[in-house]
Amino acid sequence: MADEMRKGFHRELDDVRADIVKMAAMATEMMTRATDTLLDADMLMAQAIIDHDDDIDVLSQAVEDRCFRLLALQGPMAADLRAIAATMRINSDLERSADLAVNIVKGARRIYGQVLPPRLRGIIAQMSEEAVRMIRLAIDAYTETDGPLGAALDDIDNRLDQLQSEFVQAMFEAHSDEALPLQPAVQLALIARYYERIGDHAVNIGERVAFMASGAAREHPGAARIRERAQQAAAQAAASGQGTSDQGASDQGAN
Amino acid sequence: MMALVLTGALGALGVAVAAAMWWRRRAVGVQAELQAMRRRAVQAEQAAVAAQGRLHDVIEGAPAAVFVLEPSGAVALANAAASAILTGRHGDALVLEAVRGLCGELQRGGVEQATRALDLAGPPRRSVALTARRLPEGEVLVITDDITERRRIDDVRRDFVANISHELKTPIGAMALLAETMTDEDDPQLLARLSQRLHREAMRVSSTIDDLLLLSRIETDEQPRREPVRLDEVVAHVVERSQPAAALRDIEVRTELVEPPVELLGDRRQLESAVYNLLDNAVKYSDEGSEVVVRTTRNERTVGIEVADRGIGIPAKDLERVFERFYRVDRARSRSTGGTGLGLAIVRHVAYNHEGTVRVASREGEGSTFRLELPDGLPAPAGSPVTDEGITAS
């Protein structure tokens, strides 16, 4: 009976994993199409992408519901619990990534008619490829529970960050050459930021996979800063306490 | 009386023995027949198993993915290509979703057959055709086929007809209008200006036809000349020919040539035409004041010519189509640069005629590098393989 329940649980978990893979495929497809919309000024495709995001929202909601049901009915522990917890957060990261693709499309609509300098077009194409590649790597790590690959995504993300910097620089140059007015420049800066955020979501997915695989969660930078500050304060307090006691001791010696 | 009975008994015995022998013979015959039938049945079964095995091998090895789905949606049968999709990620996850969607559509709609085309943005871009058919007992057969290449060929054919009409009709239409205007015009200054434009359009048609004829000649030339050609001489000739256009836009054409000079067996005129087209494009699509580099390379049995620019580059989606006849990345820009749209098609056919390849690497805004790689066609050297060395710049 218990074995049967366990098999049922794993079947259900496999189905949820398949939905995550499908959602990632839908999201990356949206990203590539969003970039095509931006570079080709294809407004028909823009509306189709915005509409398609609703399908991802529905799927995301379904995945979340199934995860809650598994938690409530199966009471998973250890690796199973980590798998569900990680899946719920990955689900959220993918849904947000698809939203960012929609934001890119909306940005493309706002700058409709603006001719983009070749250098900017080239970097946009590269950012898009890199963002799609990162989400795919994150999903590869997830399906194979490959913790090291998941953890490596943080380093891989440097390329996307660098491309964003190059884009901003190229944008400033195009603006100063009067090839790009201010208003589209602002929209393009936001669009570059959306690609960079998709990369961050891929890094988040990688971290969830690393947690799923090893059980060790990566410390949040904010939490790390607070811990360091607390350690420094404790060290200072210890040092001043030592100083006071040394002082006291020397005073006693003098007396 | 006794004898009569005895005779009767003997007769009956004889009949019985004869009957027994007949039955025995019959039994042996039936047994043999049964054995033959059994043999035939075994052979038929073996043939059926072999046919089933062959059918299985054919389905299993088919490039198309074959699924049979039960009414519940569970997969009852999947060949190797289908199994790859079942366990696949990324684009394959969407193909699987389309398979399930089509299967559900068939079951809900009560139709016998349905088809769908799925276009995936990738990268890489691909198109998949899905065909579903209802089987007995509620199962559904779905076959998916990658039609990316078929679509590409259709696009090439369709665009070629549209583009060639455009390339020839536009200047001819302009010439007709200019001639009509000139007929009613008396102002000599205006007439001079109109005749200049008429001449320009005529030259445009002329160069398009020249390139078409050149391309046709290269395409039909199955046995191009094979003479020893030094690539440094080809490059020097082509650079000199491109110099006026480069100087007009303050573009420096720099050469990096392998020493000792690279030689191959080939058709000098075709090679010069190919390198000229690459260099001409590089100059046309480079920013003013920038640099174009032409370099030669040599590997064991091949030689290469690279033309690299730091111009506007080519969008990724156009990269695989730039070698098509009359294909334009940017129609408006190409009109202002004055190309015929046949240059890279000529380069591709020259490479093909020399059993070589031409490749392009490009990023928008960063520039393009075209590389022509050709077998040298020379007898194999007796010594060690030659590698790139002693590159000189000028």
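Quick caveat, the model's predicted, so the values are computed rather than measured.

**Some points on the overall build of chain B**
Within chain B, the regular secondary structure consists of nine helices and 13 strands. Against the globule reference of 21 Å for 394 residues, chain B gives a C-alpha radius of gyration of 38 Å, more extended than a compact globule. For chain B, the spread of C-alpha atoms along the three principal axes comes to 150 × 65 × 45 Å. Out of the 394 residues belonging to chain B, those deemed buried represent 28%.

**Considering the packing of helix α4 (residues 118-143) of chain A against helix α6 (residues 182-214) of chain A**
Residues and elements named next belong to chain A. Across the interface, α4 lies against α6 with an axial gap of 9 Å and an inter-helix angle of 15°. Judged on the interaxial angle alone, α6 and α4 are roughly parallel. For the element pair α4 and α6, the recorded crossing hand is left-handed. Judged by residue contacts, Leu120, Met127, Ser128, Glu130, Ala131, Met134, Ile135, Ala138, Ala141 and Tyr142 of α4 engage Leu188, Ala192, Tyr195, Ile198, Gly199, Ala202, Ile205, Gly206 and Val209 from α6. Here the contact of α4 with α6 is composed, by residue class, of 15 nonpolar, three polar and one charged.

**Side note on helix α6 (residues 231-248) of chain B**
All names here are of chain B. Relative to the 26 Å expected for 18 residues at 1.5 Å per residue, α6 spans 26 Å between its end C-alpha atoms, a close match to the ideal helical length. The largest bend along α6 reaches roughly 45° and is located at Ser242, with the proline Pro244 sitting one to four residues downstream. Of the residues making up α6, those classed as buried are Leu231, Val234, Val235, Val238, Ser242 and Ala246. In this structure, the buried residues of α6 make contact with β6 (227-230), β7 (252-258), β8 (263-266), α7 (268-284), β9 (291-298) and β10 (302-309). Of the residues one or two after α6, Asp250 is the one with positive phi, at around 55°.

**Here we look at the sheet that holds strand β4 (residues 126-134) of chain B**
Residues and elements named next belong to chain B. Pairing in this open sheet of five strands is antiparallel, and the strands run β2-β1-β5-β4-β3 from one edge to the other. The strands lining the two open edges of the sheet, one partner per strand, are β2 (75-78) and β3 (113-120). Each strand axis lies, on average, 20° off the axis of its neighbour in the sheet, ignoring direction. Looking at chain direction, strand β1 (residues 65-69) and strand β5 (residues 140-146) are connected through five bridges and run antiparallel. The partner of Phe67 across the bridge, within β5, is Val142.

**Quick notes on the nonpolar core**
Core analysis: the biggest nonpolar cluster contains 90 residues, and A:Ala27, A:Ala101, A:Ile135 and B:Val142 have the highest contact counts within it. With 43 residues, the next largest nonpolar core counts B:Leu257, B:Leu264, B:Leu278 and B:Ile314 among its residues.

**Notes on the interface of chain B and chain A**
Chain B puts 18 residues into the contact, and the matching count from chain A is 24 residues. Considering each element in turn, the side of chain B that touches chain A owes the most residues, four residues, to helix α3 (residues 91-109) of chain B. Grouping the amino acids of the side of chain B that touches chain A by side-chain chemistry returns eight nonpolar, five polar and five charged.

**Remarks on α6(A)**
End to end, α6(A) covers 48 Å across 33 residues, agreeing with the expected 48 Å (1.5 Å per residue, within 8%). Where α6(A) terminates, the next one or two residues include A:Gly215, which has phi positive at roughly 90°.

**Some remarks on the environment of B:Arg26**
Within the secondary structure, B:Arg26 is located in helix α1 (residues 2-61). Each C-alpha atom, one on B:Arg26 and one on B:Ala78, is 52 Å from the other, the two residues being 52 residues apart in sequence.

**Here we look at the pairing of β2(B)**
Residues and elements named next belong to chain B. Pairing between β1 and β2: three bridges, direction antiparallel. Across the sheet, residue Val68 finds its bridge partner in β2, namely Leu77. Between β1 and the antiparallel strand that follows it, β2, lie five residues; Gly73 among them carries a positive phi value of about 100°.

**Focus on the confidence of the model for chain B**
All names here are of chain B. Chain-level statistics for chain B give a pLDDT mean of 87 and a share of 94% at 70 or above. Confidence drops under a pLDDT of 50 for residues 384-394, and excluding neighbours within four residues, the segment shows 16 contacts in the predicted structure. Confidence metrics for the complex model read pTM 0.79 and ipTM 0.82.

**Things to note about the environment of B:Ala247**
Residue and element names in this part refer to chain B. Along the chain, the position of Ala247 falls in helix α6. With 12 C-beta atoms counted inside 10 Å, the residue Ala247 sits in the exposed group. When the C-alpha positions of Ala247 and Arg25 are compared, they lie 109 Å apart, and in sequence the two are 222 residues distant.

**Focus: the environment of A:Gly206**
Residues and elements named next belong to chain A. The topology assignment puts Gly206 in helix α6. C-beta crowding within 10 Å serves as the criterion here: with 30 such atoms nearby, Gly206 is assigned to the buried category. Along the chain, Gly206 and Ala18 lie 188 residues apart, while their C-alpha atoms are 17 Å from each other. Setting aside residues up to four positions removed in sequence, Gly206 forms contacts with Ala138, Ala141, Gly150, Ala151, Leu153 and Asp154.

Calculation criteria
Residues numbered from 1 in each chain as written. Chains lettered and ligands numbered in written order. Predicted model: local features only at pLDDT ≥ 70, side-chain atom pairs only at ≥ 80, totals over all residues. Helix = DSSP H or I, 4+ residues; strand = E, 2+ residues; numbered from the N terminus. Rg over C-alpha atoms; globule rule 2.2 N^0.38 Å. Buried ≥ 20, exposed ≤ 12 C-beta atoms within 10 Å, placed from the backbone. Axes fitted to C-alpha atoms, helices over the stretch in contact; angles between N-to-C directions. Parallel < 35°, antiparallel > 145°, perpendicular 65-115°, else oblique. Left-handed = near helix turned anticlockwise from the far one by under 90°. Contact = placed C-beta atoms within 7 Å. Nonpolar A, V, L, I, M, F, W, Y, C, P; charged D, E, K, R; others polar. Expected span 1.5 Å × (residues − 1). Bend = angle between axes of the 7 residues up to and from the residue. Pairing = 2+ DSSP bridges. Core = buried A, V, L, I, M, F, W, Y, C linked by C-beta atoms within 7 Å. pLDDT = per-residue confidence, 0-100.

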